[in-house]
Amino acid sequence: VANLAAIEARYKKTIVEIQRELDLIKTRKPEVEPYAAVGDFDRAVALLDAYVTLYPSEFTWDFTAARLYSEHKNLAMAELRAHAALTKADGDQRLRAVVRLAGILADQGRAAEAIPLLLAELAAPAPGAELSVRTHRYRAEAESVLAEARKSTGDPAASARNPP
């Protein structure tokens with residue numbers, strides 16, 4: 001019985017520690033934005049890299065780094081970080097990651113490579129229209145990026161009514 005109590009106490013402590021770490025993940029991203037806003041790009045990216053080290057399976061850090069690198073016209077690194085975010089993404093994060101990657105590819109003159117990525121992601125079933133979820137907005141953004149990519153490549157499907 002004493003052994004059982006010790007095991008229960010250890011697991012309760014672990015659950016509290018996990019929750020604390022999850023809370024940190026939710027609150028740390030805003031720390032990056034002030035550095036980026038004042039032009040301290042290196043410090044913002046260093047902070048994101050530190051978070052990748054601490055939380056290697058978290059999508060947020062690579063996703064944000066991809067945006068920062070893209071804004072600073074380092075498109076090769078932006079693409080690398082967008083791919084990393086995509087490998088860690090699930091649910092509607094995948095839509096966001098694909099849209100970011102597609103934009104980065106288009107900025108490099110590689111919109112044709114973005115089309116199959118967008119089509120594959122849009123092929124997943126959409127949630128019901130009656131549900132009030134962000135996924136609808138993300139899907140609409142992906143459809144818009146797809147239409148733009150098709151238009152820029154001269155894809156005949158660009159004039160179709162339903163892009164996907």
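Before reading further, recall that the structure is shown in the block above.
Residues numbered from 1 in each chain as written. Predicted model: local features only at pLDDT ≥ 70, side-chain atom pairs only at ≥ 80, totals over all residues. Heavy atoms only, no water.

Enquirer: Would you explain the overall build of the protein in this entry?
Expert: On a plain count of helices and strands, the protein comes out with 7 helices and 0 strands. Walking the protein from its N terminus toward its C terminus, one meets helices and strands in the order α-α-α-α-α-α-α. Buried residues in the protein amount to 32% of all 164 residues. For the protein, the proportion of contacts with a sequence separation of at least 24, taken over those separated by at least 6, is 52%. (Helix = DSSP H or I, 4+ residues; strand = E, 2+ residues; numbered from the N terminus. Buried < 20%, exposed > 50% of the residue type's maximum accessible area, 1.4 Å probe, protein only. Contact = heavy atoms within 4.5 Å.)

Enquirer: Sorry, what's going on with the pattern of salt bridges here?
Expert: Pairing of side chains with opposite charge becomes possible as their charged atoms draw close. For the structure shown, the criterion picks out 9 salt bridges. Where Arg81 meets Asp49, a salt bridge forms, and the shortest distance between an N and an O atom there is 2.8 Å. Taken together, the residues Arg81 in helix H4 (residues 75-88) and Asp49 in helix H2 (residues 41-54) connect sequence positions 32 residues apart. Put simply, Asp49, Asp62, Arg81 and Lys88 are held in one network by salt bridges that share partners. (Salt bridge = Lys/Arg side-chain N within 4 Å of Asp/Glu carboxyl O.)

Enquirer: What am I meant to see in the nonpolar core here?
Expert: Within soluble globular proteins, side chains that are nonpolar tend to cluster in buried spots. Ranked by size, the top nonpolar core spans 37 residues in total, and within it Val32, Leu48, Phe59, Leu68, Tyr69, Leu118 and Ala142 carry the most contacts. Of all the secondary structure elements, the ones that give two or more residues to this core are H2, helix H3 (59-71), H4, helix H5 (92-107), helix H6 (111-122) and helix H7 (135-153). Considering each element in turn, this core owes the most residues, 8 residues, to H5. Excluding its chain neighbours within four sequence positions, the residues that come into contact with Tyr69 are Phe41, Val45, Asn74, Met77, Ala78 and Arg81. (Core = buried A, V, L, I, M, F, W, Y, C linked by side-chain atoms within 4.5 Å.)

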